Amino acid sequence: MINHNAEAPKATIAWIRASAADAPAPIVAAASLGYLVVDSAECGARPDVAVIDIRGARAAADPLVSNARRLAPSAGILIVADRETPALARAMLRRQADAAFAGRDASSVIPIIREKLRLASLTDEFGDRIKSLVADQRPVAFAGLASAPASISILIAGRPSPLAMCAVNAVRRTAAQTICLLSAGQTMRALDHSRFDGAVLLPADENDLLLALARALRRHREHRRLPVIIASADEALLDRCSSRDGFQTILAEHIEPDLPQRLRTAARRASLAAAMRGFLRSPEGCAGTSAAASARFFAAHANRIIRLSDDAGRPVSLVGLTVNARRAKDANAAEEPPLDDAARTAARLVRAEDLIAKLTSDTLVLMLRNTREAEAARAASRLEGVIAGTLDRAALKSSHVRARGVERAPGEDLETALARLIRSLRDAPAVTARLR
């Protein structure tokens, strides 16, 4: 077992190797990020992800996949194979599970593992939220879940080259609409005026503006969920884009056989994830009239999550946010209360799977699954600063914002954790914003 954070791992990865060699670099990299990496024989509890590493081995993956399925990983199975694997063998591996193809330094698989964990966390909360809604006799509507795109629209950007022509010919086999562009500026304008299900970027080198655009899309509210695949003949460039920036990558020789299927899979997953996020953030998904859940539903769902977290040995944290606002004399009394505005802002700053509820008339509470106290403290600090700076200056004369995060102790009930959170909020210094 290799782990640098054994007491509080973010997730458990069962790393199954075909050969009994020393721990490769990706295992050490995963452990350094806070993941608990274990061999399948040492995995006593259910792992989050099972990674089957068959690089440099001639053994078939079938028996290893069978062993991984017996572990029933919650986020699925990932097969890591050599980049030189033939096209037919790559297709067979993808029929068994998600597959990634890497060289000796397989640090590029770490972002793939993290993405699988994010999707698993989203689906876990989605399923548990539905159970709580049904138990509370709430209506459940699945708008968007059944509307996966039958035909997809793909954007291709890059300088004219044989690689660009190969990508265009491959994408046309799966996409109903293909837009081909030459520069990062044209790509920005196309994204502002059209909707795409995926993008293929063909950077010429490390300094290509297309890479800067791809990083900017990650920070854009409307485009950060767009699946982006970086294609290049430079293996070193692809390794840097994947391990450093977390982009999906594809080798030049893999474009013709693999790119259509990868785009279809990425578009379907992005559509499903967007539908789940939309449901969790909707009034129907949180059993409320706005971004905040009702107190009754929050108590029922929080107790469900606490019980499940105790069974799985996962942490749960709570973040409290207090907004004490004083209205200006000439302010319109019919305007929206500051706490409702703060709840909408908080919903944009936290994950879709984080439930927000009104604790009192001036206090919000957020429940964060699989979150340690240090991470909850960072979330509270961000909420405190952003909400203190975005309250309506026209309606308020002054405001005081406090935010604190606490981690629920193992075996602690919800009421005790909330009491500790309230005490922490009362003792916390307030962020004061003088509003004109």
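Scroll up a little and you will see the structure.
Since the model is a prediction, treat every value here as computed from it, not as a measurement.

Engineer: Teacher, can you tell me more about the overall build of the chain here?
Structural biologist: Within the chain, the regular secondary structure consists of 14 helices and 15 strands. A total of 436 residues make up the chain; the buried ones form 49% of that total. A sequence separation of at least 24 residues applies to 72% of the contacts in the chain between residues at least 6 apart. For the chain, the computed accessible surface area is about 21,200 Å², with 51% contributed by carbon and sulfur atoms.

Engineer: Hey, could you run me through the packing of helix 7 (residues 209-219) against helix 8 (residues 235-245) in this one?
Structural biologist: Each pair of packed helices gets described by two things: the angle between the helix axes and the distance between those axes. Helix 8 packs onto helix 7 with a crossing angle of 20 degrees between their chain directions and a minimal axis gap of 13 Å. With respect to their mutual orientation, helix 7 and helix 8 come out roughly parallel. As helix 7 runs across helix 8, the sense of the crossing is right-handed. Residue-level contacts link Leu211, Arg215 and Arg218 of helix 7 to Leu237, Cys241, Arg244 and Asp245 of helix 8. Across the contact of helix 7 with helix 8, the residue classes tally to three nonpolar, no polar and four charged.

Engineer: I would appreciate a short explanation of the environment of Pro160 in the present structure.
Structural biologist: Checked against the element boundaries, Pro160 lands in the loop between strand 6 (152-158) and helix 5 (162-171). On the basis of relative accessible area, Pro160 is assigned to the exposed category, the value being 68%. Residues Pro160 and Cys180, 20 residues apart in the sequence, show an inter-C-alpha distance of 9.8 Å.

Engineer: Help me understand helix 5 in this model?
Structural biologist: One turn of an α-helix holds 3.6 residues; hence residues three or four places apart share an orientation. Every buried residue of helix 5 is accounted for by Ala164, Ala167, Val168, Ala170 and Val171. The buried residues of helix 5 occupy an angular sector of 165 degrees when the element is viewed end-on, so they sit on one face. For helix 5, the exposed residues lying more than 90 degrees away from the buried face are Pro162 and Met165.

Engineer: Mind showing me how you'd approach the nonpolar core here?
Structural biologist: One finds Phe298, Leu318, Leu355, Val365 and Met367 to be the most contacted residues of the largest nonpolar core, which totals 28 residues. Within the residue set of this core, elements represented by two or more residues are helix 4 (109-135), helix 9 (255-281), helix 11 (295-312), strand 11 (316-327), strand 12 (355-360), strand 13 (363-369) and helix 14 (414-427). The element best represented in this core is helix 11, accounting for five residues. Counting 24 residues, the second-largest nonpolar core is a separate cluster that includes Ala291, Leu339, Leu366 and Ala380.

Engineer: Can you help me understand unusual backbone geometry in this one?
Structural biologist: The phi torsion of most residues other than glycine is negative, and most of the peptide bonds are trans. At Ala72, a position not held by glycine, the phi torsion is positive, near 50 degrees. Positionally, Ala72 belongs in the loop between helix 2 (62-71) and strand 4 (77-82).

Engineer: How should the side chain of Ser153 be read in this particular structure?
Structural biologist: Of note, Ser153 is situated in strand 6. Those residues in contact with Ser153 that lie beyond four places of it in its chain are Gln177, Arg195, Phe196, Asp197 and Gly198.

Engineer: Quick question: what am I supposed to make of the pairing of strand 10 (residues 248-251) here?
Structural biologist: Moving residue by residue along a regular strand, the side chains alternate between the two faces of the sheet. Pairing between strand 9 (residues 228-232) and strand 10: four bridges, direction parallel. Residue pairing in the sheet places Ala231 in a bridge with Ile250 of strand 10. The β-α-β motif built from strand 9, the intervening helix 8 and the parallel element strand 10 has right-handed crossover chirality.

Engineer: Would you explain the environment of Arg94 in this entry?
Structural biologist: Summarising the element assignment, Arg94 is placed in helix 3 (residues 87-96). Of the residues examined, Arg94 reaches a relative accessible area of 25% and is grouped as partly exposed. C-alpha separation for the pair Arg94 and Leu78, spaced 16 residues apart in sequence, amounts to 9.4 Å. Among residues more than four places away in sequence, those in contact with Arg94 are Ala99, Phe101, Asp258 and Arg262. Only 3.4 Å separates the side chain of Arg94 from the side chain of Asp258, close enough to count as a polar contact.

Engineer: Got a minute to help me understand a positive patch on the surface in this structure?
Structural biologist: The grouping of Arg221, Arg224, Arg225, Arg281, Arg348 and Arg382 at the surface amounts to a positive patch. Relative to the assigned elements, Arg348 resides in helix 12 (residues 338-349).

Engineer: Explain the sheet that holds strand 1 (residues 12-17) to me, please; I cannot follow it from the model alone.
Structural biologist: Pairing between the strands of a sheet comes from backbone hydrogen bonds, and it takes one of two forms, parallel or antiparallel. Pairing in this open sheet of five strands is parallel, and the strands run 2-1-3-4-5 from one edge to the other. Each end of this open sheet is capped by a strand with a single partner; those strands are strand 2 (36-38) and strand 5 (98-102). Taken pair by pair, the neighbouring strands of this sheet meet at an average axis angle of 25 degrees, ignoring direction. Against the sheet, helix 3 engages strand 4 and strand 5, with an angle of about 140 degrees to strand 5.

Engineer: What exactly am I supposed to notice about the packing of aromatic side chains here?
Structural biologist: Aromatic ring pairs are described here by two measures, namely the spacing of the ring centres and the angle between the planes. Applying the stated rule across the entire model yields one aromatic pair. Where Phe126 meets Phe279, the ring centres are 5.3 Å apart and the plane angle is 75 degrees; that geometry is what we call edge-to-face. With Phe126 in helix 4 and Phe279 in helix 9, the pair connects residues that are 153 residues apart, well separated along the chain. Taken individually, Phe126 and Phe279 each receive the classification buried, so the pair is uniform in this respect.

Engineer: Could you clarify how one ought to interpret the packing of helix 3 against helix 9 in this entry?
Structural biologist: At a closest axis distance of 10 Å, the pairing of helix 3 and helix 9 adopts a crossing angle of 20 degrees. Looking at the two axes, helix 3 sits roughly parallel to helix 9. The chirality of how helix 3 crosses helix 9 is right-handed. In contact with Ala87, Arg90 and Arg94 of helix 3, helix 9 contributes Pro257, Asp258 and Arg262. Considering only residue class, the contact of helix 3 with helix 9 consists of two nonpolar, no polar and four charged.

Rules used in this analysis
Residues numbered from 1 in each chain as written. Predicted model: local features only at pLDDT ≥ 70, side-chain atom pairs only at ≥ 80, totals over all residues. Heavy atoms only, no water. Helix = DSSP H or I, 4+ residues; strand = E, 2+ residues; numbered from the N terminus. Buried < 20%, exposed > 50% of the residue type's maximum accessible area, 1.4 Å probe, protein only. Contact = heavy atoms within 4.5 Å. Areas by Shrake-Rupley, 256 points an atom, 1.4 Å probe, with all protein chains shown as cover. Axes fitted to C-alpha atoms, helices over the stretch in contact; angles between N-to-C directions. Parallel < 35°, antiparallel > 145°, perpendicular 65-115°, else oblique. Left-handed = near helix turned anticlockwise from the far one by under 90°. Nonpolar A, V, L, I, M, F, W, Y, C, P; charged D, E, K, R; others polar. Arc of directions from axis to C-beta. Core = buried A, V, L, I, M, F, W, Y, C linked by side-chain atoms within 4.5 Å. Pairing = 2+ DSSP bridges. Right-handed = clockwise from strand over helix to strand, strands pointing away. Polar contact = N/O pair within 3.5 Å; in protein donor to acceptor, adjacent residues only side chain to side chain. Patch = residues over 30% accessible without salt bridge, like charges linked within 9 Å, V, L, I, M, F, W, Y side chains within 5 Å. Salt bridge = Lys/Arg side-chain N within 4 Å of Asp/Glu carboxyl O. Lys, Arg positive; Asp, Glu negative; His and termini not counted. Charge placed at Lys NZ, Arg CZ, Asp CG, Glu CD. Phe/Tyr/Trp six-rings, centres within 6.5 Å; stacked < 30°, edge-to-face > 60°.

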